[in-house]
Amino acid sequence: MALTWLILLPLIGAIVIALIPRSRRELLFPLSIAVTIPPLAVASWIAFTFEVGDPFFQFTVDHTFFEQLGIGWRLGVDGISLWMIVLTAVLFPLAIAASASITEQRKQYMVAMLILETGLLGVFVALDLLLFFAFFEIVLVPMYLLIGIWGSENRRYASFKFLLFTAFGSIFLLGGIIALAVLTGDAIGAITSFDLREVLDVRLSSTAQLWLFAAFGIAFAVKVPIVPLHTWLADAHTEAPTAGSVILAGVLLKMGGYGFLRFNMTLFPEATVDLAKGMALLGVVGIVYGAVVAIVQPDVKRLVAYSSISHMGFVILGLFSLTSQGLSGGVFVMISHGLVTGALFLLVGMLYDRRHTRLIGDYGGVATLMPIYAGFFLYMAFASIGLPGLSGFVGEFLVLVGSYLTVPVLAVIAASGVVLAAIYLLWAYERIFTGPITNPANEGLHDLGFREIAIIVPLIVLVLVIGIYPKPVLDRIQPSVDLILERIEATTTYEVPEYGSTPGGGA
Amino acid sequence: MESAEFLPIAPEVILLAGALIVILLLAIFDRPYREGGIVAFTALTAALIAAVFQWRALGDGADNLYFSARDVPVARLPMVVMDEYSVFAGYVIFTIAILGLAAAWRLVQTLGSRRAEFLALVLLGVAGVHMMTASANTIMMFIGLETASLAFYVLAGFTRERLDADEAAVKYFLLGSLAAAIFIYGGALLFAATGSTAFYGAGGIREFLSANIVTEPAILLVGMGLLIVGLSFKVSAAPFHQWAPDVYQGAPSGVVGLLAAGVKIAGFAALGRILIGALSSQIDDWAPVLAIIAGVSVVIGTLLAAVQDDVKRILAYSGVAHAGYILMAFVAGRDGIGAMWFYVATYALTLVGAFAVTAVVSGSRNGRSPLRDWAGLSSRSPWLAWAMLIILLGMGGIPFTMGFVAKVGVFTAATEAGYTWLMFLALFTTVVGLYVYFRVAAVMFMGQPEDDDAVVIPTASGVVIGLVAFSTILLGLLPWPLLELAGEALPL
């Protein structure tokens, strides 16, 4: 029941917000923040009562809607989705609190945000393929409206590009889901079944696995995004309002990585093993490409957007290294990236609210005017680069360790991503914050207010805590990712290498 | 007539009686038009209730076939069939007619002395539509088709003072008559091949085909093909769709929803009756044909909808695409009927809602509804814009709307039947379809309004639009009872 409530609470919040009369407009903003607290509370309660060491789904809800077609309200969390829902529930209150600058059609904005939260939470806990797809796709609508209505100058173009790109990806997903449900139905003697646990028990032929891997994979690759399916990302992130960018980078991209883990690697193990090297290569291409393109961006929001491509490349590399460290690291990078990039977008948004420009060249010497802001930015830049002690380090280190076992050459190339990250972030920091104030328009800048500090501090704390003591997070992730690897070992000839057992396998 | 034989045709009798009373009241006794409206709505409601009684009678084991020609010694050829299929069709048609007439009420109020004809024609048209679905004989089906079509031709041109309404009516009449001629010629060839015009019963087409080897397979094939073409005209499947955009655009907005939904229901129900009822043994011949028509329709309909600048034309071309999606269910034969019905029912509802919004935005007597009328609707009337957004999302097949359930249903049916290519083709067009619908949404939410006048929503239209938007979400979240019912609505 906890999970049903987790999904319903933001929706109930959206209804409450929609019913606020025009005369009580001043309630809108505080109430919108308030209604994101119950989901956060439920998510935290789930995280605290989650049984460590159990790799299977917990808090399951299983209610069949329609026997004939095998559709049901089936929910559950394991060590992977647990952190995704916590991440979602943490980022939404902050993103909404950071939306004070939205003044036009504020009510519709808040409703769209809360529907978005419903969809995202649903994606991470759905254990029914059709239900998963429903949540996966519904996310498009509020995001489209957020970019299209409240975005910056080029919003209509960006919103349509976002919509069409991701919808194009998800049709393959829907096609794959229907095909898989029909195959499952044939195997269990029903018309169709969308129950993930029933689908898991079906032995699929290698050809079927390859086709289905491709169908599911394209949808998730667009979301991650994997180069060359990334072109929507920079436009969408740049044009979206601050909260939209935070959720896009912080949570939406994770739908892709999560999808690869939950569906592609779990359901199609043979295809996963066959394609792992190619996927890992794409991950590395993303790492290097994203970082190199980020270096030359004149627009700080675009820079952060491209850095997302680079970081998500680490996720893909980690997952398809097919090692326990790699998978855990991939999931950890997703969590860390959600917090860090979310914070960076929040920070960029705060500067944008003051100066209405995102061009790095328009700034310079901001640190003298906004010391707290500069400190926060530098901290998050270090976290993003992967400074030991902060969250970015743990995940990327694990990914590199894990991938060195199976794809050593790629691991070596991927390590350059860390160096490149230092270049683009620190260079951007230098140009924005250090030196004398060159642009007179910046002289009126004032430092962060209490509300803005209160938004960033929770993220700073979380980044530090899981950076120094990642054990509670990893303890919950590892059994679940090991289960995926066990399943791959059981159905294919692949054996997960361990340090000490084989010398760093062939690339 | 035995009393047991009244029930199968009770809806038609009620509607015809209603039509006569309306004419008497309004045209001869010159009563206020409100009374005519009361009679019309009462007749439609009574027809719906009669359908409920039919379902109960079927549950109690009532006969399926009626009005057989008793004096033919070898064959008892029924004229009317009462089965779950026809009754479900009745549920859909009468519900849609009630909503469609309510949405047209603003138009009726402006018609002056001609509203008697309008109301009577609506009732006659609805009776014809239902007769098509309950016919057990090509001849009966043709009579139903003509009754419905003639009424609808007149309704399409009802605002005579507008030239494009006349044009619409004439175009509709000419092409519709051609389709009817093709249809009846197909029926004649079917008769030539099988020796019967009846679908069921001893000596009927189905019996004949399952027991005999057809000596003239070519005639059977051509007959079948012509029937499919004739009905494809009616449902505006490509490449037989050219009339639809002009008629939708020319006819008064107030009544287009009813017209469009009515012919689609009639056409698909008739197609299912003939192909899956009578010609089920020939599925290997007709299923590929339908698959191709479906494929062409989804592609052409979606692509042409994407380049229109008039919402009514967008809806017309998207209707071509939707016809294609619905045809996908047919290739699965009897297994696809549930999916077909769910799609037809929900799409008909969507059409009525969408055209009701069009009538509010661009005027119920007007034909055209250019996109600029819709610019900035969200600031002029947020509720209307959000309702239309929900309806558009339903058309686009976004999850948690009934359109999503309907699409998954037909896609699954086609995949089950082995038409995976068709499913993927349809999935591709769905994305382009999203562009089509979100384009309208973008105009509503992101466009600059030409004037800031608040939109006046007539009460009846508001209720219809609200109901359609509400059921779009409700049937998206809880489609199960309707799915179950649709799954039971199999033809004999």
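Look a little higher up for the structure.
Below, the structure is looked at part by part. (Residues numbered from 1 in each chain as written. Chains lettered and ligands numbered in written order. Predicted model: local features only at pLDDT ≥ 70, side-chain atom pairs only at ≥ 80, totals over all residues. Heavy atoms only, no water.)

This part is about the packing of helix 1 (residues 2-18) of chain A against helix 3 (residues 37-49) of chain A. All names here are of chain A. Two elements in contact, helix 1 and helix 3, have axes separated by 9 Å at closest approach and are oriented at 160°. Judged by the inter-axis angle, helix 1 sits roughly antiparallel to helix 3. Crossing of helix 1 against helix 3: the hand is left-handed. Residues Ala2, Leu3, Leu6, Leu9 and Pro10 of helix 1 form the contact with helix 3, whose own contacting residues are Pro38, Pro39, Val42, Ala43, Trp45 and Ile46. Within the contact of helix 1 with helix 3, the residues separate by chemical class into 11 nonpolar, no polar and no charged. (Axes fitted to C-alpha atoms, helices over the stretch in contact; angles between N-to-C directions. Helix = DSSP H or I, 4+ residues; strand = E, 2+ residues; numbered from the N terminus. Parallel < 35°, antiparallel > 145°, perpendicular 65-115°, else oblique. Left-handed = near helix turned anticlockwise from the far one by under 90°. Contact = heavy atoms within 4.5 Å. Nonpolar A, V, L, I, M, F, W, Y, C, P; charged D, E, K, R; others polar.)

A few words now on the pattern of salt bridges. A side chain with one charge can pair with a side chain of the opposite charge if their charged atoms come near. For the structure on display, the rule yields 20 salt bridges over all chains. Here Arg197 of chain A ties to Asp195 of chain A by a salt bridge, and the two come within 3.7 Å at their closest N and O atoms. When the shortest N-O distance is used, the salt bridge between Glu167 of chain B and Lys171 of chain B registers 3.3 Å. One end of the pair, Glu167 of chain B, and the other, Lys171 of chain B, are both in helix 7 (residues 163-194), 4 residues apart, so they sit about a helical turn from each other. What makes Glu167 of chain B partly exposed here is its relative accessible area of 45%. Take Lys171 of chain B: its relative accessible area is 26%, and that puts it in the partly exposed class. (Salt bridge = Lys/Arg side-chain N within 4 Å of Asp/Glu carboxyl O. Buried < 20%, exposed > 50% of the residue type's maximum accessible area, 1.4 Å probe, protein only.)

Before going further, it helps to examine the nonpolar core. Residues Phe118 and Trp341 of chain B are the most contacted members of the largest nonpolar core, which totals 414 residues. Among the elements that make up this core, the one with the highest residue count is helix 14 (residues 337-362) of chain B (19 residues). (Core = buried A, V, L, I, M, F, W, Y, C linked by side-chain atoms within 4.5 Å.)

What follows deals with the environment of Gly59 of chain B. Its location among the elements puts Gly59 of chain B in helix 2 (residues 33-59). Spatially, the C-alpha atoms of Gly59 of chain B and Phe330 of chain B are 26 Å apart, while their sequence positions differ by 271 residues.

As a further point, take the side chain of Ser336 of chain A. Residues and elements named next belong to chain A. Mapping Ser336 onto the fold places it in helix 15 (residues 324-355). A relative accessible area of 5% places Ser336 in the buried class. A polar contact of 3.3 Å, which involves the side chain of Ser336, links it to the backbone nitrogen of Gly392. Filtering out sequence-adjacent residues up to four positions away, Ser336 remains in contact with Ser391 and Gly392. (Polar contact = N/O pair within 3.5 Å; in protein donor to acceptor, adjacent residues only side chain to side chain.)

This next bit is on the interface of chain A and chain B. Across the contact, 33 residues belong to chain A and 31 residues belong to chain B. When chain A packs against chain B, close to 3,200 Å² is buried across both sides, 84% of that on carbon and sulfur atoms. Sorting the residues of chain A by area buried against chain B places Phe66, Ile171 and Ile178 of chain A first, and these three jointly supply 16% of that buried surface. Along the contact surface separating chain A from chain B lie 2 residue pairs in polar contact (both at pLDDT 80 or more). Counting residues per element, the ones that place at least two in the side of chain A that touches chain B are strand 1 (58-66), helix 6 (129-138), helix 7 (140-150) and helix 8 (155-188) of chain A. Ranked by residue count, the leading element in the side of chain A that touches chain B is helix 8 of chain A, at 14 residues. When its residues are assigned to classes, the side of chain A that touches chain B shows 24 nonpolar, 7 polar and 2 charged. (Buried area = accessible area lost by both parts, 1.4 Å probe.)

The next point concerns a negative patch on the surface. All names here are of chain A. Side chains of Glu486, Glu489, Glu495 and Glu498 sit close together on the surface and give a patch of like negative charge. Relative to the helices and strands, Glu486 is located in helix 21 (residues 471-491). Glu486 sits in the partly exposed class, given a relative accessible area of 48%. (Patch = residues over 30% accessible without salt bridge, like charges linked within 9 Å, V, L, I, M, F, W, Y side chains within 5 Å. Areas by Shrake-Rupley, 256 points an atom, 1.4 Å probe, with all protein chains shown as cover. Lys, Arg positive; Asp, Glu negative; His and termini not counted. Charge placed at Lys NZ, Arg CZ, Asp CG, Glu CD.)

Take the side chain of Ser170 of chain A next. Residue and element names in this part refer to chain A. Checked against the element boundaries, Ser170 lands in helix 8. Exposure remark for Ser170: the relative accessible area of 1% places this residue in the buried category. Residues in contact with Ser170, not counting those within four places in the same chain, are Phe133, Phe136, Glu137 and Ala219.

Residues and elements named next belong to chain A. Across the 7 residues that make up strand 2 (residues 71-77), a large majority, 7, are buried. Across the two faces of strand 2 the burial is the same, with Ile71, Trp73, Leu75 and Val77 and Gly72, Arg74 and Gly76 all buried. Hairpin geometry of strand 1 and strand 2 is characterised by an intervening segment of 4 residues between the two adjacent antiparallel strands and by a positive phi of about 65° at Gly70. (Pairing = 2+ DSSP bridges.)

Without other data, these values stay purely geometric and don't point to any function.
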